[in-house]
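# Descriptive structure summary
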Amino acid sequence: MSQHGVGPRAVTRSVAFLTAGVFAVPALAGCGSEDPSGKPLAGQDIQPAPRDRIADGGTLRWAVDSVPDTLNTFQSDADATTTRVAQAVLPSMFRMDASGRPERNPDYLESAKVVDTEPKQVVLYKLNQQAVWSDGREIGAADFAAQWRALSGKDTAYWTARNAGYDRIQKIERGDNALEVRVTFSRPYADWRSLFSPLYPKDVMGTPDSFNDGARKKLKVTAGPFTVKKADREEGKITLTRNARWWGEPAKLSEIVLRTVPRDKRAAELAAGTLDLAEIDPSAARRITVAARPHSSGSPLMGPGADRSAADSLESWAVANGSDEDAADEETVARKKLRRATAAYARQQQALSGFEVRKSLEPAYTQLALNGAEGPLTDERVRRAVARALDRKELAQAVLKPLGLPAVPVGSHLALSGQAHYADNSGALGDQDTEEAQALLADAGWVRGGPVKEQKKKEKEKAAGPEGGKADDSGDSGDSGEDNKAHHGPDPAGHLAQDGRQYKPQGGAPGAYAPKGTAAPANQEGAPLAKNGKPLTLRFVLPSGPGSQTLRTVADRISRMLERVGIGTEISKVSDESYFKDHIASGQYDLALYSWPATAYPATDARPVYAKPVPAADGSLNVEQNYTRVGTDQVDQLFDEAVATLDEGESRSLIRKADSRIWAAAGSIPLFQRPQLLAARKNLVNTGAFGFGTPVYEDMGFLKKGAKPASGPSAKGSAAP
């Protein structure tokens, strides 16, 4: 899959798609006896093994996308590797279980609970008495207080990317002893478990200078099973080594080396024996699965010359042995080159037979974003028509079924199946229905066969970003529907009952809200939709990099689905570097595909993603992270209520209502959970495709000679993609 995803906690929630004592989830309030959250669609695939079967020592060589610019997860340029390092070397009061729900981390917490609600909410943390920083100092209230002050937002000298939750804290103080920390909130905060994960030492958080620069290139003081030995950006690797002061189960591995390896180079690096673990794309997964089969050095449909037919081979032989000496020499050289490439490929396949593919679903989903700020999509009837034209199940099957993963469309913007806040609220908008989509478009004034004015050729070519590269497709969709900006339908939130279900307005059709009797004109299927002399054509912006092939395949299917209801698309492929910054974030698109990570704390983390944009002092529009520019006051209010209630059942109910209204507004359409594919050495255990769960770094390692992994659904390699 393409790595074009957005991580709200990288900016206001943490990092893109990283998976990031026990917390019990009470029964759901107000939603009947059946919990709609369900179960994760796919479990972990990590080759589990008990610790006594794992060898002591060894180095795990793990491919990453980059060595980060900072090791401080609370800074704006933190990335997925920043979080991976933090998980291995820093305390987290809560971590994610296999269902994407927060659970107490017993290595750091004996308990954590709300002990008072009046007059203020007070949370009491009781720390593990063995928990110490790598310099020998006990973890305590001073560390909690320093992190609160740094992230509260009150001191602008701290270059923080987010302060959500910390801005609600009134004070932090020591409890009855050094192991207790009392946190008093100025306002109730439902997502208090999201705080202090990770927790940095006061040495990092204590002053603006130490926060801004002290943890960018190194972490001198840590408190996890590993510590940072060296971060070398020139060599592109970070080395983690055992923490001698770690009080928990000792790390089985001696070192973990995180090394930057481009995704299209990972199969070759695995074959060369320089990697043990790497996230891979579907084509590499197919290679590894084929290589693992008995007596297999490849496949006739894979590798150099795989696309050559028998006729091609016969023609090549004939040319090489023909009377045209120049052509024969050239063909002979080409045949020798192909034989060498084939032999090299076979050697790689042999080496890859020592690996297996471990697969699950990422805690992230791919969505279709609809820019509601300008053009035809300012009219919510057109946005709903786009949504009703999509067969989301078909799109999920196209991506996930070939990989042997559950192909179930995502039913929520705010959680994924198995998470506490999940419920399938897509019914607030409605399933695929061509007639309803056409009725919506007709009601919005778009009709087939309408007159289309001649558009003057644009002398200025479309730029593909700051580099000024040309888009792949000609034409400019910027003119489409500009006169439609002020033509709005009714507020979608007004058409939802309190339980989030859709109802039929007077004379309307479910999901369409078009007047009764409105129908698409018949017998004009081949004519384009037009309005005021302009065709209904939407600019569909996509990344052009090699890792984005899946997105482009999905986009092609979406374009065909839209064409059936009369909506045209202009595919514009732009560089990976400019895709998000210059197009999505700046609003230079009509349709786009990108991903959001799941979160256990949607009341906090998802609010900036769906908040109603508001005008800034300089006249610009402050969209926070709502890159579709579609929002409502009702959704904002539901988020505010959800984050302020300490009744967990009520908070979940409010989040689900908010999700129903987000569906109805049709600013973004969740499609499918992203596949998670990792290549792992066969004797490497307790690591791989973690799904929702936070990795347990101290349990990773290599099996002892002759030892077998545990039995179970995740104890074997994945089936062929």
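Residues numbered from 1 in each chain as written. Predicted model: local features only at pLDDT ≥ 70, side-chain atom pairs only at ≥ 80, totals over all residues. Heavy atoms only, no water.

### So, the overall build of the protein chain
- A tally of helices and strands in the protein chain yields 18 helices and 23 strands.
- When each of the 721 residues of the protein chain is scored for burial, the buried share is 54%.
- Only carbon and sulfur atoms are counted for the fraction: they give 49% of the accessible area of the protein chain, which is about 30300 Å². (Helix = DSSP H or I, 4+ residues; strand = E, 2+ residues; numbered from the N terminus. Buried < 20%, exposed > 50% of the residue type's maximum accessible area, 1.4 Å probe, protein only. Areas by Shrake-Rupley, 256 points an atom, 1.4 Å probe, with all protein chains shown as cover.)

### Points about the confidence of the model for the protein chain
- In this model, the protein chain carries an average pLDDT of 84, and 81% of its residues clear a pLDDT of 70 or more.
- Contacts of residues 7-32 to residues separated by more than four positions or lying in other chains number 93 contacts, the stretch itself having pLDDT below 50.
- A low-confidence stretch, residues 715-721 (pLDDT under 50), is modelled with 23 contacts involving residues beyond four sequence positions or located in other chains. (pLDDT = per-residue confidence, 0-100. Contact = heavy atoms within 4.5 Å.)

### A short note on the side chain of Asn243
- Position of Asn243 among the secondary structure elements: in the loop between β9 (237-242) and β10 (255-260).
- With relative accessibility at 9%, the residue Asn243 sits in the buried group.
- Of the polar contacts made by the side chain of Asn243, one reaches the backbone oxygen of Gly224; its length is 2.9 Å.
- In contact with Asn243, other than residues within four places in its own chain, are Ser134, Ala223, Gly224, Pro225, Phe226 and Thr227. (Polar contact = N/O pair within 3.5 Å; in protein donor to acceptor, adjacent residues only side chain to side chain.)

### Digging into the packing of helix α11 (residues 392-400) against helix α13 (residues 549-564)
- Interhelical geometry of α11 versus α13 gives an angle of 155° and a closest axis separation of 10 Å. In terms of their interaxial angle, α11 and α13 are classed as roughly antiparallel. Remark: the crossing between α11 and α13 carries right-handed chirality. Seen from α11, the contacting residues are Glu394, Leu395, Ala398 and Val399; seen from α13, they are Thr550, Val554, Arg557, Ile558 and Met561.
- A class-by-class count of the residues in the contact of α11 with α13 yields six nonpolar, one polar and two charged. (Axes fitted to C-alpha atoms, helices over the stretch in contact; angles between N-to-C directions. Parallel < 35°, antiparallel > 145°, perpendicular 65-115°, else oblique. Left-handed = near helix turned anticlockwise from the far one by under 90°. Nonpolar A, V, L, I, M, F, W, Y, C, P; charged D, E, K, R; others polar.)

### Concerning the environment of Pro695
- Inspection of the secondary structure puts Pro695 in the loop between β22 (684-685) and β23 (701-702).
- Distance in space between the C-alpha atoms of Pro695 and Met96 is 9.0 Å, their sequence separation being 599 residues.

### Section: the pattern of salt bridges
- Inspection of the entire model under this criterion finds 28 salt bridges.
- The partner of Arg182 in a salt bridge is Asp116, with the nearest N and O atoms 3.9 Å apart. Remark: Asp116 occurs in strand β4 (residues 109-116) and Arg182 occurs in strand β7 (residues 180-185); sequence separation between them is 66 residues.
- For Arg182, a relative accessible area of 26% puts it in the partly exposed group.
- The salt bridge partner of Glu269 is Arg259, with a shortest N-O separation of 3.1 Å. Separated by ten residues along the polypeptide, Glu269 in helix α6 (residues 266-271) and Arg259 in strand β10 bring together distant segments of the chain.
- Exposure remark for Glu269: the relative accessible area of 23% places this residue in the partly exposed category.
- Here the salt bridges share partners, and the residues they tie into one network are Asp65, Arg263, Arg266 and Glu279. (Salt bridge = Lys/Arg side-chain N within 4 Å of Asp/Glu carboxyl O.)

### Topic: the packing of aromatic side chains
- Scanning all chains against the criterion turns up 18 aromatic pairs.
- Where Tyr125 meets Phe144, the ring centres are 5.4 Å apart and the plane angle is 50°; that geometry is what we call tilted. In this pair, Tyr125 is assigned in strand β5 (residues 122-127) and Phe144 in helix α3 (residues 141-151), connecting sequence segments 19 residues apart.
- Classification of Tyr125 by relative accessible area gives buried; the value is 0%.
- Judged by centre distance (6.3 Å) and plane angle (5°), the ring pair of Trp596 and Tyr627 falls under stacked. A residue pair is termed long-range when its members are at least 10 positions apart, and Trp596 in strand β18 (residues 591-597) and Tyr627 in the loop between β20 (621-622) and α17 (633-644) qualify at 31 residues. Accessibility assignment for this pair places Trp596 and Tyr627 in one class, buried. (Phe/Tyr/Trp six-rings, centres within 6.5 Å; stacked < 30°, edge-to-face > 60°.)

### Things to note about helix α10 (residues 380-389)
- Counted residue by residue, α10 has ten buried out of ten residues, so it is predominantly covered.
- What α10 keeps buried is the set Glu380, Arg381, Val382, Arg383, Arg384, Ala385, Val386, Ala387, Arg388 and Ala389.
- Contacts from the buried residues of α10 go to β12 (355-370), α12 (434-443), β16 (537-543), α13, α18 (648-665) and β21 (668-681).
- Its side-chain oxygen placed 2.9 Å from the backbone nitrogen of Arg381, Asp379 serves as the N-cap of α10.

### Some remarks on the pairing of β4
- For β4 and β5, the ladder comprises six bridges, and the chain directions are antiparallel. The residue bridging Lys113 from the neighbouring strand is Leu124, located in β5.
- The antiparallel pairing of β4 with β5 creates a hairpin that spans five residues between the two strands. (Pairing = 2+ DSSP bridges.)

### So, a positive patch on the surface
- A surface patch of like charges, here positive, comprises Lys336, Lys337, Arg339 and Arg340.
- Inspection of the secondary structure assignment puts Arg339 in helix α9 (residues 325-352).
- Arg339 sits in the partly exposed class, given a relative accessible area of 49%. (Patch = residues over 30% accessible without salt bridge, like charges linked within 9 Å, V, L, I, M, F, W, Y side chains within 5 Å. Lys, Arg positive; Asp, Glu negative; His and termini not counted. Charge placed at Lys NZ, Arg CZ, Asp CG, Glu CD.)

### So, the environment of Ala658
- Structurally, Ala658 is set in helix α18.
- Judged by relative accessible area, which is 0%, Ala658 ranks as buried.
- For the pair formed by Ala658 and Leu638, sequence separation is 20 residues and the distance between their alpha carbons is 5.8 Å.
- Other than its neighbours up to four places away in sequence, Ala658 contacts Leu414, Val635 and Leu638.

### Here we look at the sheet that holds strand β6 (residues 169-174)
- Taken together, the four strands give an open sheet; going across it, the order is β4-β5-β7-β6, and neighbouring strands pair in antiparallel fashion. Either end of the sheet is taken by a strand with one partner, and the two such strands are β4 and β6. Across the sheet, the axes of successive neighbouring strands diverge by a mean angle of 15°, strand direction being ignored.
- The pairing of β5 with β7 spans five bridges and is antiparallel. In the strand pairing of β7, Val123 is matched with Val183.
- Running over the sheet, α3 touches β5, β6 and β7 and is turned about 160° from β6.

### What about the sheet that holds strand β14 (residues 529-531)?
- Spatially, the three strands line up as an open sheet ordered β13-β14-β15, and their pairing is antiparallel. Strand pairing shows two members of the sheet lacking a second neighbour, β13 (447-448) and β15 (534-535), which therefore form its edges.
- Of the pairings in the sheet, the one linking β14 to β15 comprises two bridges and is antiparallel in character. Among the inter-strand pairings, Ala530 is bridged to a residue of β15, identified as Pro535.

### Remarks on the side chain of Asn72
- Examined against the element boundaries, Asn72 turns out to sit in the loop between β1 (59-64) and α2 (80-89).
- At a separation of 3.0 Å, a polar atom in the side chain of Asn72 contacts the main-chain amide nitrogen of Phe74.
- Discounting chain neighbours no more than four positions away, the residues touching Asn72 are Ala78, Thr82, Tyr200, Phe211 and Ala215.

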